[in-house]
Amino acid sequence: MKRLFSKSSKNATPSSAKYSAPEPPMAGRTATALPAATTAGLQPNYVVPPVPHPNPHEHITLLASEDGLLMRPHCAELPYPVSYVRVSWGKTTHIAELPSDRGRPSVDWKEGVVIYGIVGLMTLFNASYLLVITSRSDVGQLFDASHLIYGVKSVVSIPLVKDRAKSILSRMASRNTSVNRPSLLVSNIDDLQVPDEGTSGEPRVKFAGEEEVKILTPCDQVEFSVNNTGRPASPVSSGASTPASDVSMTHSPVSTIANRMSFWGRLSKRASSTSEGADIEESLLDERELFDSIIHDAAGVPDKVISSIIAATAPPPDSSEERNSELEARILRGCLREFTKGDMYFALHFDITRSLQHKHEQFTKMHTQNKLLSELDALPKDTNVNPLDDKVDALFEPSVILPLWRRVDRHFWWNEWLSKPFMDAGLHSYVTPIMQGYIQISSFDQPKDTSAMQDDSAEPVDYIVISRRSRDRAGLRYQRRGVDDEANVANFVETEVIMRVQRNGISNVFSHVQIRGSIPLFWTQSGYSMKPPPVLAPERNPAQNLDAIKRHFRRAVPVYGPHTIVNLAEQHGKEGMITNAYREYATKLDAKDVRYCEFDFHRETRGLKYENISKLINQLERVFENQGFFWVSNNMLLSKQKGVFRVNCIDCLDRTNVVQSAFARHVMSMQLEAVGLLSPPQSGKSGMEVIFNDVWANNGDAISRAYAGTSALKGDFTRTGKRDLGGMLNDGVNSLARMYSATFSDWFCQAIIDFMLGYRTLSVFEEFLIKLQSTDPRELIRLSKIRAEAIATSVARVLSEGETLISGWTIFSPEQLNVKFDDRFEEKVLLLSARALYIVSYDYSLEKTKMYICVPLGAIARLEKGAYIISPLEEASRDPVQNAGFSIYWHASNKISMRMTSYSIRNCPEDALTRSPPAVSVSSSTQYKPTLPRREPTKTANLSGIMSKVSENAAGATDVCFAAFKALPVDPARVRSGSSTGYAEPADDLAGATTCKQVVDMMVDSIKRACEDAGNSPVITDRDVVSLTEAQKMTSIYAKMEYGVKRLIWLGGLV
C-alpha cells in the first residue's frame, strides 16, 4: 500500500520535454529491484518503483541478434542503459529483460535501428510480428513544452524470424538514409539529434520555368519498401510515372476478371514481374488466346467461363501454408493501415485520454480517500496527507507514480491488446498508449475591444480540440450500430475543447466536453443503398431495449453528469421508427439526470437554412447556463462543468458535427464574455472565426473517415458558416464513396478492427472467407448465452424426473432425419442422458422446444464421423478439420419415442409405427450418398400432415434410421480482464477444443462411453458424412454464380 500514496501533495509534472531516463527497474523479477516485502506475490505488471515512474521511451534501438530481437532506450544522456529487452524468435515469443554489461558491452548496438515507440505484438498464422512506430508528426504542445502530442505517421511490422527481421531492419536503415533522417541511425550514440518531423521526408517539387511538352518513356517501377508485406513504396519510387494509356494496355479481360474475382494475389505478383515491353505484348497475346479458348471450351456458359479463368490464372493457394501466408500479408496491411490513417495519437509525458476536469476530480477523490485513511490511522506512519490548498494546476497529472498505461482511460486505449505482452512482463516504459480520434492545436488573437483592431490591443488565445473515439463497439458504419449487450454504443466520441486566454497577464484555462454516440437501442441498418432505413433488431424485445438504455445511462451519468440528449434524426420518414422508439424508451427511463430533446435537423434546415440551428441554442439556453464549464483562472478553480450534451443523429457524423460546432461556438462566446472579451459577429473574416471553423471542420472529417470512410458531409457550412451548391455536390460524391466502402471493403476492415482490438481470434478471417462478412464479437457472446439457455430449457422440458444428464450440446443438422444434405438446416439441441439420446428441435425465437426424438442408448447401432462439407466454394469451407460432423444410426422400434409441441392434447404421431421410412442399408460397406430431398409447397399444412411427414423419416419396423450432425464453428471471442461476460462453450466437456474435428471426437467419445455404460457397444467408423466430391456435385450452378458475384463485388474491392 505504501507505493500507492505520495509523500506530499506537491504536483509532480514534468518540467521540460527533454528526455528523462532514470534507470529502469528490472520489473520486479529480481530481489534487488524492490524490497521483498513489496513484491511478494505480485505479477510484474503490478510492480512499480516507489518514485515517479519513467515515461515511455521516446527513442528505442532495435537490433537483430542470434537469440532474438533486442531493444533498449536510445538516449544521449544514457549511453549504456542498465538493462535491455530480448524478444525471442519464433511464433510463440518470450520477452525477457536482461542486465547490460555497462563498460564492456557484449552487443554491438551500432548496427541497430532507432524507432519512436512500440505499437505492440501480433501473432498470426505463421509468425509473430512486432509493430513499431517509424515516423511521427508533431501535433503541438498543450500550453508548454512538457506536454507534447504526436500523431502516428508510419508503422512497420517486424517478423520475429531472424533472417526476415534482419532484412526489414536493413531496409529501415536504408530508408532513414534515403529520406535524410540521420538521427534514426545509430552511427554514434553520443550524437543524437531529434529529427524535424515537420520537414524531413517531405517530397520537394520544383516547377519548370517554362511550359514544355515531353514524351516520357515508361520506366521500371522502383520498389523500395520497409515492409515486404505490401506496404507502400518509399518516396524514391514516386518519381517514376507511366502514362495512363500504357497502364490500361496491360490489363486484358482475363487478368481483369481474375483480379476482381479472386481474393488471392498471385496473378498480380506474376504480372508485376514482367518489365520489358515486348514481354508485355507477348503476354497479352497469350492471355487473349487463353480467353478465347476458355470461352470456346465452356460453350459460353458464364459460370464455367468465370471458373475456368480463375482456375487458370489466379487459382487459390495450393497448400494451407501458402494460403495462410497470403492471408497473413493482407491482415498485416490492414492492421498497419488502421494505425496510419492519420487519426492515431500519443503522448509520452502525460495522459491525453482524460479531460482536464476528469483529472482534477481524480485528484480530489484520491485526496479525500487518503484523508479518510489517515483519520482511521490506516496509512504508513511516514505518509503525510497535506490539506488541499486553493492553488489548482489545470494540467495536473494524478497518480504520477504509476506507469502511463496504468493511468489512461482504457475506453480510449486502442493498442492495449497488442501491448499486453509487454505489460505482463512489467516493461512499463516500452508501452505507448495510442488513442484514436482527432487533435488540433491552434491559436488566434482576440481584440480587447471590437472597435480597436490594433495588434497591441489583442489578447492571445490558444484553442485546442481533442476528440477521443471509444474502442468499445468499435468498427465501421453499417457493421456497428446501436448498443450491445454491455451497454456500449457505436461511434462513441468524447470531444473536449480547451481554451487558454491571457487577460491582463492572468492565465484563464477553460474546458468544455460534449459527447456523441449511436442511439442506445438494438437496431441495424443495411448498407446496400444510398439511404437505407434503420430498423429495430427483430430478435430483441422491448424489455431488452429498455434494459440496455438504462444500463447505458447508468454508466455514463456518473462520468459526465446529467445528460441532455439532443436527437437530430428525422421524426418522420425512414428514420421515424428509430426516433419514435428512442423517445418512447427515454420517457420510460424516468431518470431525473437524463433529459430528452428533439430537433429534426433536415426539416428545420430545409432550403439550406442552417441559421435555424440558433433556434435549438435558444431553446437550450437555460441548459447552457446550468451546465457551465471548467474554468481555472490564475491557478484558482472558479467553476466546473455540471452536465453534458449527448448529441446524435443516425450516424453521429454530419448533422452531429454541425450542431456540436454550434454548441461549441456558443460556449466559447460565454467563456470570452466571462473574462471581459467581446465575441465579434460571425462574419467569417476574423481570425477567431477562421480558426474555429477550420478546427471543427477537420474534427468532423477525421471522425467521419474513421467511421464512414469519407469526409463529413455538410463540411462547407462548418468551414465557412454557409451552405452552397458546391458543398451539396461534394456531399453527393462522399455519399457514393460511403456506399462503395460499406459494400466493398468494410467487411474485411471490420474483421481487422475486431482482431487488433483483441475481440476476435484468427478464426474471424476464416469466417470472412466463408461468409464474406464477420460476426460482431458481442453477438457471439449473446449467442453463447442463448445456446446455454436452449440447453437448460430442453433439459427441463424433455428429460424425465430423476434422469441423469451427461452432456448437452447445440449442433447443426438438417431439418429432416435420414438426410445428410438438405436445403434447410437448423441448430438443434442434442441431450445425452444415462439412458437415451435426445434430438431436440428448438425454436430460438419463442425459446421453446418444437419437437424431440428419444433414441435409447441400447438402440444405437453405429456412429460415423468425418468431414461434413456443406459448401465447396471457398478454401475455408472445404477444410475437413474445421468442417466435421458425425452420423448416428439406430434400429427403428417401438422404443423410439417422439413428441411435438402442438399446443393441444395430441402431441405424439399415431401412425409412427405403421409407416415405412426410406430404407437404409445396415451394411457398413455401402457408402450412403446424400440426396437433396424434394420439398413440396405447403402453404396451409396442418398438424397431421407435419406429424405424418416427420414420422415417415423417424420410425419403422425393421429398418435403420439415422441423423446427421455438423459441429458449430469453434470461434471463441477474446475477453478482456475485468469484463463481466465472455464467450464459452455451453458444455464444459468441450472446453479446450480448437477445431471442429476435436469437438466431434469429444462428442462421439462421450456417446460411445454412455452406450457402453448402458450395455451397448456401437461401432465407430471414420467416414465422411458429406465429402468434398459429393458437396461439389450437389452445389447448384446458381449457388456458384451467386457466390462468384459476391466475390466480384466484395473481395474484388479489397485488391
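The following refers to the structure shown. Only a predicted model underlies this, so the values are computations on that prediction, with no experimental measurement involved. Residue positions are given per chain, counting from 1 as you read along its sequence in written order. Given that this is a predicted model, residues contribute local features only at a pLDDT of at least 70 and side-chain atom pairs are listed and counted only at 80 or more, while totals for whole chains, interfaces and linings are drawn from all residues. Neither water nor hydrogens contribute to the side-chain values; these are computed over all heavy atoms in the structure.

By definition, any uninterrupted DSSP run of H or I lasting at least four residues is a helix, any uninterrupted run of E lasting at least two residues is a strand, and each is numbered from the N terminus. Tallying secondary structure elements over the protein gives 27 helices and 29 strands in all. Note on classification: 1.4 Å probe, protein chains only; a residue is buried when its accessible area is under 20% of the maximum for its type, exposed when over 50%, partly exposed between these limits. Evaluated residue by residue, the protein yields a buried proportion of 53% over its 1055 residues. Considering only residue pairs separated by 6 or more positions, the protein has 72% of its internal contacts joining residues 24 or more positions apart. Residue burial considers only the protein chains on display, and all accessible areas are found by Shrake-Rupley using a 1.4 Å probe. Counting every atom, the protein has about 47800 Å² of accessible surface; 53% of that belongs to carbon and sulfur. It only takes one pair of heavy atoms within 4.5 Å for two residues to be counted as in contact.

For A96, the location among the structural elements is in strand β4 (residues 95-99). In this structure the C-alpha to C-alpha distance between A96 and R86, which are 10 residues apart in sequence, comes to 5.4 Å. Among all residues touching A96, those that are not within four sequence positions of it are Y84, V85 and R86.

This next bit is on the side chain of K966. Positionally, K966 belongs in strand β28 (residues 960-966). Residues scored as charged are limited to Lys and Arg (positive) and Asp and Glu (negative), so that His and the chain ends carry no count. Salt bridges are defined by distance alone: a side-chain nitrogen of Lys or Arg within 4 Å of a carboxyl oxygen of Asp or Glu. For the buried residue K966, which engages in no salt bridge, the nearest side chain bearing the opposite charge is D879, 11 Å off. Contacts described as polar in this section are N or O atom pairs within 3.5 Å, which, within protein, must combine one atom able to donate a hydrogen with one able to accept it, while residues neighboring in sequence count only if both atoms come from side chains. One polar contact links K966 to N883, side chain to side chain, over a distance of 3.4 Å. What K966 contacts, discounting residues up to four positions off in sequence, is I811, F812, Y868, I870, N883, A884 and G885.

Another aspect to go through is the pattern of salt bridges. Evaluation of the coordinates by the stated rule reveals 36 salt bridges. Note that E361 and K640 form a salt bridge whose closest N and O atoms lie 3.8 Å from each other. Separated by 279 residues along the polypeptide, E361 in helix α9 (residues 356-375) and K640 in the loop between β19 (636-639) and β20 (644-648) bring together distant segments of the chain. Measuring nitrogen to oxygen at the nearest pair gives 2.5 Å for the salt bridge that ties E689 to R665. With E689 in helix α18 (residues 687-707) and R665 in helix α17 (residues 654-674), this residue pair connects regions lying 24 residues apart in the sequence. On the basis of relative accessibility, which here comes to 3%, the residue E689 falls in the buried class. Look at R665 and you get buried, because its relative accessible area is 6%. Bridged by salt links that share partners, the residues K820, R862, E864 and R1023 form one connected network.

Time to look at the sheet that holds β4. The sheet built from five strands is open, its strands ordered β4-β3-β2-β1-β5 with antiparallel pairing. At either end of the open sheet lies a strand with only one pairing partner, and these are β4 and β5 (113-115). Taking the axes of each pair of neighbouring strands and ignoring which way they run, one obtains an average angle of 30° across the sheet. In this description, strands pair whenever DSSP reports at least two bridges between them. Where strand β3 (residues 83-88) lies against β4, five bridges are found, and the strand directions are antiparallel. Along β4, the bridge assignment pairs R86 with A96. For every element, the axis is a line fit to its C-alpha atoms; helices are fit only across the contacting stretch, and the angle between N-to-C directions ranges from 0 to 180 degrees.

One less than the number of residues in a helix, times 1.5 Å, gives the span that helix is expected to have. Between its first and last C-alpha, helix α12 (residues 542-560) extends 27 Å over 19 residues, near the 27 Å set by a 1.5 Å rise per residue. All of the buried residues in α12 are N545, L546, A548, I549, H552, F553, A556, V557 and Y560. End-on, the buried residues of α12 take up no more than an arc of 160°, which puts them together on one face. In this structure, α12 carries A543, R554 and P558 as exposed residues pointing more than 90 degrees from its buried face. What the arc describes is the spread of directions from the helix axis to the C-beta atoms.

This part is about unusual backbone geometry. Trans peptide bonds make up most of the peptide bonds, and negative phi angles are found at most residues other than glycine. Phi at N635 takes a positive value of approximately 60°, unusual for a residue other than glycine. Mapped onto the fold, N635 is located in the loop between β18 (630-633) and β19. The class of N635 is partly exposed, set by a relative accessible area of 39%. Positive phi outside glycine occurs at N818, with the angle close to 65°. By the element assignment, N818 lies in the loop between β21 (805-814) and β22 (825-833).

A few words now on the pairing of β4. Buried residues dominate β4, accounting for four of its five residues. With antiparallel pairing between neighbouring strands as the criterion, β3 and β4 make up a hairpin whose turn holds six residues, including G90 at a positive phi of roughly 115°.

Turning our attention to the nonpolar core. Formed by 40 residues in total, the largest nonpolar core has its most connected members in M122, I331 and F765. Listed by contribution, the elements that provide at least two residues to this core are β6 (117-123), β7 (128-141), β8 (148-159), α8 (320-339), β9 (344-346), α21 (746-756) and α22 (763-771). Ranked by residue count, the leading element in this core is α21, at eight residues. Sequence-distant contacts of F765, defined by excluding residues within four places in its chain, comprise L327, I331, F748, A751, I752 and F755. In this description, a nonpolar core means a group of buried Ala, Val, Leu, Ile, Met, Phe, Trp, Tyr and Cys residues linked to one another through side-chain atoms lying within 4.5 Å. F601, F645, A662 and L672 belong to the second largest nonpolar core, which has 39 residues in total.

What follows is about α17. If you check α17, its first and last C-alpha atoms are 30 Å apart, about what 21 residues at 1.5 Å a residue would give, namely 30 Å. Where α17 terminates, the next one or two residues include G676, which has phi positive at roughly 80°.

Each aromatic ring pair is summarised here by two numbers: the centre-to-centre distance and the angle between the ring planes. Whether two aromatic rings pair depends on their centres lying within 6.5 Å, for rings of Phe, Tyr and Trp, where Trp uses its six-membered ring; planes under 30 degrees apart make the pair stacked, over 60 edge-to-face, and the rest tilted. The tally for this structure, following the rule as stated, stands at 22 aromatic pairs. The interplanar angle of 40° and the centroid separation of 6.2 Å between the aromatic rings of W405 and W413 together place this pair among those described as tilted. On the basis of relative accessible area, W405 is assigned to the buried category, the value being 9%. Among the residues examined, W413 registers a relative accessible area of 1% and is labelled buried. With a centroid separation of 4.8 Å and an interplanar angle of 45°, the aromatic rings of F624 and F645 are classed as tilted. Remark: F645 occurs in strand β20 and F624 occurs in helix α16 (residues 621-627); sequence separation between them is 21 residues. Of the two residues examined, F624 and F645, each falls in the buried class. In textbook terms, an aromatic cluster arises when at least three aromatic residues are bridged by ring pairs, as seen for Y463, F692 and W696. Placement of a charge over a ring requires the Lys NZ or Arg CZ to be within 6 Å of the ring centre, with the centre-to-atom vector within 35 degrees of the ring normal. Its end group placed over the ring of F522, R540 keeps NZ or CZ at 3.9 Å from the ring centre. Over the aromatic face of F962 sits the side chain of K820, whose NZ or CZ is 5.6 Å from the ring centroid.

With respect to the element layout, D754 can be found in helix α21. When its relative accessible area of 1% is taken as the criterion, D754 is described as buried. Separated by 2.8 Å, the side chains of D754 and R480 make a polar contact.

On to the environment of E459, then. Turning to its location among the elements, E459 is positioned in strand β11 (residues 458-469). On the basis of relative accessibility, which here comes to 7%, the residue E459 falls in the buried class. What E459 contacts, discounting residues up to four positions off in sequence, is F444, D445, Q446, K448, Q502, R503, N504 and L677. Engagement of the side chain of E459 in a polar contact is seen with the backbone nitrogen of N504, the distance being 3.5 Å.

Direction vectors running N to C along α12 and helix α13 (residues 576-589) enclose 65°, while the axes themselves pass 10 Å from each other. Considering the relative orientation of α12 and α13, their crossing is right-handed. Seen from α12, the contacting residues are P542, N545, L546, I549, K550 and F553; seen from α13, they are Y582, Y585, A586, K588 and L589. Crossings are classed by handedness, with left-handed meaning an anticlockwise turn of the near helix from the far one by less than a right angle and right-handed meaning a clockwise turn.

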